[in-house]
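Structural description and commentary
Each chain is listed here by its residues.
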Amino acid sequence: MKQKIWTPLLLIGMLLGLIGMAAAISASTWKPSPTGAESVAPTAELEQIEAPTQSVVTQAPTATVGSEEASSKGYVLLDQSEALLTLVNAARCESDLNPLVLNPLLDEAALVHSVDMWERDFFDHLNPDGDGPDARISATGYTWSRVGENIAAGYPTAEAVFISWMESEGHRENIMNPAFREMGVGLIEAADSAYGSYWTQTFGRAL
C-alpha cells in the first residue's frame, strides 16, 4: 500500500485553500453594524406646548369670589393669578428680565380656553374648531405683536404648575421670553372632569 507523501508544496497549497475558505465564510456572514444617527427633537412653537398632566399634592387654591354662576355649570373659578404672577416675575427678575403685569383681556382668553377644554373634553392648544391662542386672544379685543400660551391640567396650586412648567423647556421659554410684557391666567376646578383642574397661562405684547 502506497503511503502519501506530503511535500512542502502540497502542504502550502492545502493551507492556502483553507485560508481561502475561511475568508469566504467570513465575508459571507459578517454584517456591519448600522451607523448611529442623532435625532433632534422638533422645536415646539410658543402656542403649541403642552404641560404634563400628573397631579401634585399641595394646598389647594381658594375659589374666586362671585363664582356661583360657574358653580352651577359644573366648575368653579379659582383665583391664582397673583400667586402665579409672583412666581413668574421672581424667576424673570433673577435673569434680569422685565416683570410681567396681568391684563384682563389675557385673563379672559385664558379662562375661555380652560372652560372649553373642560366642556369639550380635550387638552390641546388648538380647540376642536381649529382655533389657537392667537384667535382666542384676538377675540377679546387685545391687539398684539406677539402672544404665547402654556396649558396644564391636574395641578392644584400655582407653585405646583409653575415648577412643572419651568422644568419643561418650551414652557420655560414662554415664561422667560423677554419679548412678553403681559400675562393672563385662567384656572377652573371641575370635580367630574378627567383632570380635576385646567390651567391656561397666556402671554402677550400689545401693539
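Everything in this summary refers to the structure shown in the same document.

What counts and how
Residues numbered from 1 in each chain as written. Predicted model: local features only at pLDDT ≥ 70, side-chain atom pairs only at ≥ 80, totals over all residues. Heavy atoms only, no water. Helix = DSSP H or I, 4+ residues; strand = E, 2+ residues; numbered from the N terminus. Buried < 20%, exposed > 50% of the residue type's maximum accessible area, 1.4 Å probe, protein only. Contact = heavy atoms within 4.5 Å. Areas by Shrake-Rupley, 256 points an atom, 1.4 Å probe, with all protein chains shown as cover. Expected span 1.5 Å × (residues − 1). Polar contact = N/O pair within 3.5 Å; in protein donor to acceptor, adjacent residues only side chain to side chain.

Another aspect to go through is the overall build of the chain. Helix and strand counts for the chain stand at seven helices and five strands. What you see in the chain, going N to C, is helices and strands ordered as α-α-β-α-β-α-α-β-α-α-β-β. Burial statistics for the chain: of 207 residues in total, 39% are counted as buried. When contacts within the chain are restricted to residue pairs at least 6 apart in sequence, those whose partners lie at least 24 apart make up 73%. Just so you have it, the chain exposes about 12300 Å², and 58% of that area is on carbon and sulfur atoms.

Moving on, we get to helix α4 (residues 104–119). The end-to-end C-alpha distance of α4 is 22 Å, a good match for the 22 Å that 16 residues give at a rise of 1.5 Å each. Considered for burial, the residues of α4 that qualify are Leu106, Ala109, Ala110, His113, Ser114, Val115, Asp116, Met117 and Trp118. Against α5 (133–139), β3 (144–153), β4 (182–189) and β5 (197–206) lie the buried residues of α4. Residue Asn103 occupies the N-cap position of α4, its side-chain oxygen lying 2.8 Å from the main-chain nitrogen of Leu105. Once α4 ends, the next one or two residues include Asp121, with phi positive near 55 degrees.

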